[in-house]
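Here are the chains, one letter per residue:
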Number of protein chains: 2
Amino acid sequence: MLLFYILDLQNPVLLSEEESKHCIKVLRLQKGDSLHLTDGKGHLAKAEIIEANPKKCVLQILDIEQFPQKKDFKIHLAVAPTKNADRMEWLVEKCIEIGIDEISFFQAQHSERQHFNLERLQKKAIAALKQSLHLHLPKMNALLSFKNLIANSTEDQKFIAYVDSQNPSKLFESAKKNQSYLVLIGPEGDFSTQELDLALNNNFQKVSLGNSRLRTETAGIVACLTLNLLNE
Amino acid sequence: MLLFYILDLQNPVLLSEEESKHCIKVLRLQKGDSLHLTDGKGHLAKAEIIEANPKKCVLQILDIEQFPQKKDFKIHLAVAPTKNADRMEWLVEKCIEIGIDEISFFQAQHSERQHFNLERLQKKAIAALKQSLHLHLPKMNALLSFKNLIANSTEDQKFIAYVDSQNPSKLFESAKKNQSYLVLIGPEGDFSTQELDLALNNNFQKVSLGNSRLRTETAGIVACLTLNLLNE
């Protein structure tokens, strides 16, 4: 199945320049050929090419089906971006393949990175959505302060990945089935003690992600997969 | 802890040019500074710099401890390399961070890639070992034919990641604790039916890795983490 992403599923559909190029130049689709579209909100449309323009490909939607999220849990991952932008792009790609509902980024005290490119990550997210044939694009939030992230968290179970001498229990054991989860993944220099205290004072629970020292992006993928496995 | 890799832990230790540069130029260590060494075979040595040469750093081992593998399971992943070499490097890095014992690569009928660079992957493996402070470097095998891989497999439980209309059971449910496992991950174009039959006739079991369509390298990471979680 060829899946393309479009913000609004309204006739006539005009693909973006990038998507048009992919459709006409790379895949060599022609007028009359059909393909599938999603808006990342659970809709799957079948559409036909009515103008095979490699810059502005025009499509006609033939029918639309709605596929609601069928799962009883919700995974929200909040990550302190790594210095290396590639590593965050991989995190986004892999989490979308595996299954995730929301991704936030926050500024931590020990973050080495001050800015990051949400737009680039969103593009990566759309590419991963298409590749994995998912119809629900996760919500992606711009860089937040750690305080705001903590203050506005409403999930059933809230975790902070932090291993210290107290050797906290593992995420796989601490998480209950069919909940909404938020997992905080710290920067390369880990959370500060103030950040840890703030989280613990706001009903976050310290958890370990396993026996290994993991890079930030690996920790994110491990948390995402652990919660998916728990609920499968 | 600063961990360096060396093939043989024998005095005097001579670091490679790359490791010497990292040690003296990047980390700015000096004569008399100490660091840790591993041979990837479970040894951890404490050593002191006796010649801070940025091309040929010389060390004196002060003591060596042996850390045997403490786990009761063994994970062997066999993967058909992807066209994009980066994706295989990521797979190796992530699996080593998470925990793996052996990685093989095989030539599949639908493989787009004919050659791959084992040396480069081994370098990546050593970097990941150091970063994650692991002392056991997984065994990495040169490209095998699918037939040879199947014929020489001796693991307790052997799986082939393959989803078809029979909807096989999930790896997490099919795998038993405390076993040696082999999981085969197919190429981008999936296994051929001949390959599937050959595996099934040699006591491999079809398994699904979850509800999503995963890229080759993601499937590898998911299999590795699933077996680690099961045994933790």
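Residues numbered from 1 in each chain as written. Chains lettered and ligands numbered in written order. Predicted model: local features only at pLDDT ≥ 70, side-chain atom pairs only at ≥ 80, totals over all residues. Heavy atoms only, no water.

**Some details on the sheet that holds strand β3 (residues 34-38) of chain A**
All names here are of chain A.
Consideration 1: The strand order across the open sheet built from 5 strands is β1-β3-β4-β5-β2, with neighbouring strands paired in mixed fashion. Edge strands, defined here as strands with exactly one partner in the open sheet, are β1 (3-5) and β2 (13-14).
Consideration 2: Pairing geometry for β1 and β3, over 3 bridges, is parallel. The residue bridging F4 from the neighbouring strand is L37, located in β3.
Consideration 3: Contacts from helix α1 (residues 17-26) reach β1, β3 and β4 (43-51), with the element oriented near 160° to β1.
Consideration 4: Helix α3 (residues 118-131) contacts β1 and β3 of the sheet and is inclined by roughly 155° relative to β1. (Pairing = 2+ DSSP bridges. Helix = DSSP H or I, 4+ residues; strand = E, 2+ residues; numbered from the N terminus. Contact = heavy atoms within 4.5 Å. Axes fitted to C-alpha atoms, helices over the stretch in contact; angles between N-to-C directions.)

**Notes on the packing of helix α2 (residues 85-98) of chain B against helix α7 (residues 216-231) of chain B**
All names here are of chain B.
Consideration 1: Closest axis-to-axis distance for the α2/α7 pair is 9 Å, and the angle between their directions is 10°. Taken together, the axes of α2 and α7 are roughly parallel relative to one another. Residue-level contacts link R87, M88, L91, K94, C95 and I98 of α2 to T216, E217, G220, I221, C224, L225 and N228 of α7.
Consideration 2: Across the contact of α2 with α7, the residue classes break down as 7 nonpolar, 3 polar and 3 charged. (Parallel < 35°, antiparallel > 145°, perpendicular 65-115°, else oblique. Nonpolar A, V, L, I, M, F, W, Y, C, P; charged D, E, K, R; others polar.)

**With respect to the nonpolar core**
Consideration 1: Judged by nonpolar contacts, the single largest core of 74 residues is most densely connected at L77(A), F105(A), I185(A), L77(B), F105(B) and I185(B).
Consideration 2: If sequence neighbours within four positions are ignored, L77(B) has contacts with L91(B), C95(B), I100(B), E102(B), I103(B), S104(B), V183(B), I185(B), G220(B) and A223(B). (Core = buried A, V, L, I, M, F, W, Y, C linked by side-chain atoms within 4.5 Å. Buried < 20%, exposed > 50% of the residue type's maximum accessible area, 1.4 Å probe, protein only.)

**Some words on the packing of aromatic side chains**
Consideration 1: Summed over all chains, the structure comprises 10 aromatic pairs over all chains.
Consideration 2: Their ring planes at 50° and their centres at 4.7 Å tell us that F105(B) and F116(B) sit as a pair that is tilted. You can see F105(B) sitting in strand β7 (residues 102-107) and its partner F116(B) sitting in the loop between β7 and α3 (118-131), a full 11 residues away along the chain. The pair F105(B) / F116(B) is uniform in exposure class, with both members buried.
Consideration 3: Residues F106(B) and F191(B) carry aromatic rings whose centres are separated by 6.0 Å and whose planes lie at 10° to one another, so their mutual orientation is stacked. Pair noted here: F106(B) is in strand β7 and F191(B) is in the loop between β11 (180-185) and α6 (193-200), with a separation of 85 residues, a long-range link.
Consideration 4: Cluster of aromatic residues (ring-pair linked, three or more members): F106(A), F146(A) and F191(A).
Consideration 5: Taking the ring centre of F73(A) as reference, the NZ or CZ of K71(A) above it sits at 4.3 Å. (Phe/Tyr/Trp six-rings, centres within 6.5 Å; stacked < 30°, edge-to-face > 60°. Lys NZ or Arg CZ within 6 Å of the ring centre and 35° of its normal.)

**Considerations on the environment of F4(B)**
Residue and element names in this part refer to chain B.
Consideration 1: Its place among the elements puts F4 in strand β1 (residues 3-5).
Consideration 2: Relative accessible area serves as the criterion here: at 1%, F4 is assigned to the buried category.
Consideration 3: In this structure the C-alpha to C-alpha distance between F4 and D39, which are 35 residues apart in sequence, comes to 8.6 Å.
Consideration 4: Setting aside chain neighbours within four positions, we find F4 in contact with L15, E19, H22, C23, L27, L35, H36, L37, T38 and K130.

**Some remarks on the interface of chain A and chain B**
Consideration 1: On the side of chain B, 26 residues touch chain A, which itself brings 26 residues to the contact.
Consideration 2: For the pairing of chain A and chain B, the buried interface totals around 2600 Å² over both sides, and the portion due to carbon and sulfur atoms is 55%.
Consideration 3: For the chain A face of the interface with chain B, the top three residues by lost area are W90(A), R213(A) and E232(A), together amounting to 24%.
Consideration 4: Our enumeration of links across chain A and chain B arrives at 8 salt bridges.
Consideration 5: Here R215(A) ties to E93(B) by a salt bridge, and the two come within 3.3 Å at their closest N and O atoms.
Consideration 6: When contributions to the side of chain A that touches chain B are tallied by element, the ones reaching two or more residues are α2 (85-98), α3 and α7 (216-231) of chain A.
Consideration 7: For the side of chain A that touches chain B, the class distribution of residues is 8 nonpolar, 8 polar and 10 charged. (Buried area = accessible area lost by both parts, 1.4 Å probe. Salt bridge = Lys/Arg side-chain N within 4 Å of Asp/Glu carboxyl O.)

**What to know about the domain arrangement of chain A**
All names here are of chain A.
Consideration 1: Assigned domains of chain A: these are domain 1 (3-66) and domain 2 (74-231).
Consideration 2: The straight-line distance from the C-alpha centre of domain 1 to that of domain 2 is 33 Å.
Consideration 3: Of all residues in domain 1, L3, Y5 and G40 bury the most surface against domain 2, accounting for 57% of the area lost on that side.
Consideration 4: Connecting domain 1 to domain 2 are 2 salt bridges.
Consideration 5: As a salt-bridge pair, E19 and K130 come within 2.6 Å of each other at their nearest N and O atoms.
Consideration 6: At the boundary of domain 1 with domain 2, the tally comes to 4 residue pairs in polar contact (both at pLDDT 80 or more).
Consideration 7: Here the side of domain 1 that touches domain 2 is built from residues that sort into 4 nonpolar, 5 polar and 3 charged. (Domains from an automatic or database assignment. Polar contact = N/O pair within 3.5 Å; in protein donor to acceptor, adjacent residues only side chain to side chain.)

**Considering the pairing of strand β10 (residues 157-161) of chain A**
All names here are of chain A.
Consideration 1: When you tally the buried positions in β10, you get 5 out of 5 residues, the bulk of the element.
Consideration 2: By the alternation rule, side chains of β10 split into Q157, F159 and A161 and K158 and I160, which are all buried.
Consideration 3: Summarising the sheet, β10 and strand β12 (residues 204-207) pair through 4 bridges and their orientation is parallel. Bridge assignment links K158 to a residue of β12, and that residue is F204.

**Looking at unusual backbone geometry**
Glycine aside, residues mostly have negative phi angles, and peptide bonds mostly take the trans form.
Consideration 1: Of note, the amide linkage connecting N11(A) to P12(A) takes the cis form, showing an omega dihedral of -10°.
Consideration 2: Among the secondary structure elements, P12(A) is positioned in the loop between β1 and β2.
Consideration 3: Positioned with a positive phi, N178(B) is a non-glycine residue whose angle comes to about 55°.
Consideration 4: Inspection of the secondary structure assignment puts N178(B) in the loop between α5 (171-174) and β11.
Consideration 5: The backbone phi angle of N203(B) is positive, close to 65°, even though this residue is not glycine.
Consideration 6: Note on placement: N203(B) falls in the loop between α6 and β12 (204-207).

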